[in-house]
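Coordinate inspection notes
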There are 2 protein chains.
Amino acid sequence: MNTSYPEPARFPVTVDVVALTVSAGALQVLLITRLIEPFKGSMALPGGFVLPGEGLIEAATRELAEEAGVAEQPGYLEQLQSYGPKGRDPRGDVLTVAHLLLAPNFPVIAAGSDAASAGWYPVKDVLAGEYSLAFDHAEILSDAVERARSKLEYSPLGAAFCTPEFTIAQLRAVYDAVWDTKLDPRNFHRKATGTPGFLEDTGKMSTGEAGRPAALFRLAPQAHTTRAACAHAVLNPPLMRPAALTGQD
Amino acid sequence: MNTSYPEPARFPVTVDVVALTVSAGALQVLLITRLIEPFKGSMALPGGFVLPGEGLIEAATRELAEEAGVAEQPGYLEQLQSYGPKGRDPRGDVLTVAHLLLAPNFPVIAAGSDAASAGWYPVKDVLAGEYSLAFDHAEILSDAVERARSKLEYSPLGAAFCTPEFTIAQLRAVYDAVWDTKLDPRNFHRKATGTPGFLEDTGKMSTGEAGRPAALFRLAPQAHTTRAACAHAVLNPPLMRPAALTGQD
DNA sequence: TCAAAAGTGTTCCACATACACCCATGA
DNA sequence: TCATGGGTGTATGTGGAACACTTTTGA
């Protein structure tokens, strides 16, 4: 740590949030339309400058509230990665710390103070380049999606996409959407319910749907990652995604 | 991204490097002794302020050179995580971006401009609190070690701890040191050589040691993560560490 | 009665584990 | 010739993949 004064350089620091949800059977990302330069009119991840005396998660939470109208943190939020000061903002060196939010579908307000049209967009289309993203947000989104995909393998965070009580089929729909697979319902059921420390039976049943009613589950207490505390719960053995999807071999 | 001027706050940004290596059968971390306040006299991770116009990896590489006398990057370097401006430096808000370096044992110079006694220390002892670390470096080290441990499972980065050509036994010694295990030599041999896209036989043999000479291997071209390019090579199926070591269950 | 979805049982096979055994070197 | 470590073969067990089959609802 070099403190041989002269004064160290100072940088503006932003937080960006890749908020992901599953709806309509697909992984969706929260994007806003920029109302100001640079990249006015482009889509972008919600985010903004860190204020003095703020922590990173704190800043990310605040920006989410400001730009998407989210009253309280609707899911699981963790730091993703930093992208760094050189060459990513036409105004100069800006460091951004990207975050990942996994949440059940929540409503977003139409407009905030400096962003409009917050809304959900299918990740598949966004990554395919159908919308032009500001800054290096396309790269950030791509990294975030890969992180989310691998998180589902070895952590109970798939449940972060579900409401507090959910059926196995709803959880499986999350995995299918995030991994873009069609997992076998029977094997998934056995694996999910058989993994110790993952799910807890509420005793209640779903109703109203076609077919036989399904048991409702919640996250087991020891896996409670939604509230920040212990985000380190691990599924052992992991729920492996089919090898074809890990990007090689 | 909130650019509703007033000017955004600016923060000093540092990079810290958790440089890990394996020697004497144990995982070791590179620490320096601080010559200046704050935490004068404490041990710390090498690191320092990011300069204008620098990228993060660039800054980490430079600091490693300055504080440990490393001419060129001796191994695999990747970003670990950022630790947030609030409450980690007595001088005020400082954001640090921690990095992880996995490298074969390399010599470090005794002193730099603002750090002395750069040297390798057993991770086990450091995590046990035998040395007092500056700032939140103990937390950073702990996160780094956990990252390194899981990296070995699903990536070919164990080889980053080895010289360019190595025997299976040397590679196994890396896994044993990082995971604090004693893997079965025979099964490890089969698994390592049998994993497609991991190792490549050089045709050469080791000599001089006791026992039968061992074949020398190198990282397969498609797994070349040492040169930054494709750090995303994946071992499939992974080399699982014994369940007892994942910290639960 | 039929379609649809939940949930169980069973078979098959890949692979991790454990370990017997042989090979090639230095002392 | 013995000790040491390299490397192969093989039996056993666990768990994932595939799928037949039963259960329980809505239409």
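Residues numbered from 1 in each chain as written. Chains lettered and ligands numbered in written order. Predicted model: local features only at pLDDT ≥ 70, side-chain atom pairs only at ≥ 80, totals over all residues. Heavy atoms only, no water.

Among the 20 residues in the neighbourhood of DNA strand C, the closest are listed as A169(A), R212(A), R186(B), N187(B) and K191(B). When the atoms of DNA strand C within 4 Å of the protein are sorted by group, sugar and phosphate make up 56%. At 3.0 Å, a side-chain N or O of R190(A) approaches a base oxygen of DNA strand C. Within the side chain of K191(B), an N or O atom sits 2.7 Å from a phosphate oxygen of DNA strand C. For the surface near DNA strand C, the secondary-structure elements that each account for two or more residues are helix 4 (168-179) and helix 5 (185-194) of chain A together with helix 5 (185-194) of chain B. Per-element accounting of the surface near DNA strand C gives the leading share, four residues, to helix 5 of chain B. Looking at the surface near DNA strand C, its residues break down into six nonpolar, four polar and 10 charged. (Near = heavy atom within 4 Å. Polar contact = N/O pair within 3.5 Å; in protein donor to acceptor, adjacent residues only side chain to side chain. Helix = DSSP H or I, 4+ residues; strand = E, 2+ residues; numbered from the N terminus. Nonpolar A, V, L, I, M, F, W, Y, C, P; charged D, E, K, R; others polar.)

Right, let's talk about the domain arrangement of chain A for a bit. Residue and element names in this part refer to chain A. The assigned domain composition of chain A is domain 1 (13-136) and domain 2 (152-246). Of the roughly 1,000 Å² buried at the junction of domain 1 and domain 2 (both faces included), carbon and sulfur atoms supply 70%. Counting the surface domain 1 buries against domain 2, the share from its top three residues, V22, Y76 and L102, is 50%. Applying the counting rule to domain 1 against domain 2 returns zero salt bridges. Scanning the region where domain 1 abuts domain 2 turns up zero residue pairs in polar contact (both at pLDDT 80 or more). Where the side of domain 1 that touches domain 2 is concerned, the elements lending two or more residues are strand 1 (10-23) and strand 2 (26-34). With three residues, strand 1 is the single largest residue contributor to the side of domain 1 that touches domain 2. (Domains from an automatic or database assignment. Buried area = accessible area lost by both parts, 1.4 Å probe. Salt bridge = Lys/Arg side-chain N within 4 Å of Asp/Glu carboxyl O.)

A separate point is the pattern of salt bridges. Counting across every chain of the model gives 22 salt bridges over all chains. Close ionic contact of R62(A) with E66(A) constitutes a salt bridge, the shortest N to O distance being 3.1 Å. Of the two residues, R62(A) and E66(A) both sit in helix 1 (residues 56-68), four residues apart, roughly one turn of that helix. Its relative accessible area of 35% is what places E66(A) among the partly exposed residues. Note that R88(B) and D136(B) form a salt bridge whose closest N and O atoms lie 2.8 Å from each other. Placement of the pair is R88(B) in the loop between strand 5 (76-83) and strand 6 (95-102) and D136(B) in the loop between helix 2 (123-127) and helix 3 (137-154), with a sequence separation of 48 residues. Each of the two residues, R88(B) as well as D136(B), counts as buried. When salt bridges that share partners are traced, they join E54(A), R62(A), E63(A) and E66(A) into one network. (Buried < 20%, exposed > 50% of the residue type's maximum accessible area, 1.4 Å probe, protein only.)

All names here are of chain A. With 13 of 14 residues buried, strand 1 lies mostly within the body of the structure. Taken together, the eight bridges between strand 1 and strand 6 (residues 95-102) define a ladder with parallel strand orientation. Its bridge partner being in strand 6, D16 is matched across the sheet by A98. With four bridges joining them, strand 1 and strand 2 adopt antiparallel strand pairing. Opposite S23, over in strand 2, you have A26 as the bridge partner. Once strand 1 ends, the chain turns through two residues before running back antiparallel as strand 2, passing A24 with a positive phi of about 55°. (Pairing = 2+ DSSP bridges.)

A few words now on the sheet that holds strand 8 (residues 166-167) of chain B. Residue and element names in this part refer to chain B. Judged by pairing direction, the sheet is antiparallel, and its three strands sit side by side in the order 8-10-9 without closing on themselves. A strand with exactly one partner marks an edge of an open sheet, and here the two such strands are strand 8 and strand 9 (199-205). Here strand 8 runs beside strand 10 (residues 215-219); their pairing, made up of two bridges, is antiparallel. Each residue of the ladder has a partner; that of T167, found in strand 10, is L216.

Around DNA strand D lies a shell of 21 residues, among which N187(A), K191(A), R186(B), G211(B) and R212(B) are the nearest. Protein-proximal atoms of DNA strand D, defined as those within 4 Å of the protein, fall in sugar or phosphate at a share of 51%. Contact between DNA strand D and H189(B): a phosphate oxygen at 3.4 Å from a side-chain N or O atom of the residue. Going through the elements one at a time, helix 5 of chain A together with helix 4 (168-179) and helix 5 of chain B are the ones with two or more residues in the surface near DNA strand D. Top element by residues in the surface near DNA strand D is helix 5 of chain A. It accounts for four residues. Considering only residue class, the surface near DNA strand D consists of seven nonpolar, four polar and 10 charged.

Membership of the largest hydrophobic core comes to 50 residues, with the highest contact counts inside it found for V13(A), L101(A), V13(B) and L101(B). Not counting chain neighbours up to four residues away, the residues in contact with V13(A) comprise G48(A), F49(A), V50(A), L95(A), V97(A), A9(B), F11(B), V13(B) and L95(B). (Core = buried A, V, L, I, M, F, W, Y, C linked by side-chain atoms within 4.5 Å. Contact = heavy atoms within 4.5 Å.)

When chain A is fitted onto chain B, the two copies agree to an RMSD of 0.1 Å after a turn of 180° and an axial shift of 0.1 Å. Taken together, the rotation angle and the small translation identify this as a two-fold axis. Most of the interface of chain A is mirrored in chain B, where 100% of its interface residues again form contacts. (Least-squares fit on C-alpha atoms with pLDDT ≥ 70 in both.)

For the structure on display, the rule yields 10 aromatic pairs over all chains. Grouped by ring-pair contacts, the aromatic residues Y175(A), W179(A) and F188(A) constitute a single cluster. (Phe/Tyr/Trp six-rings, centres within 6.5 Å; stacked < 30°, edge-to-face > 60°.)

All right, on to the interface of chain A and chain B then. Counting from both sides, the interface comprises 52 residues of chain A and, opposite them, 52 residues of chain B. Carbon and sulfur atoms supply 56% of the area buried between chain A and chain B, which totals about 4,300 Å² over both sides. Here chain A and chain B share two salt bridges between them. Close ionic contact of E58(A) with K86(B) constitutes a salt bridge, the shortest N to O distance being 2.9 Å. If you list the elements that add at least two residues to the side of chain A that touches chain B, you get strand 1, strand 4 (47-49), helix 1, strand 5 (76-83) and strand 6 of chain A. Among the elements that line the side of chain A that touches chain B, the one with the most residues is strand 1 of chain A, at six residues. Residue composition of the side of chain A that touches chain B, by class: 22 nonpolar, 15 polar and 15 charged.

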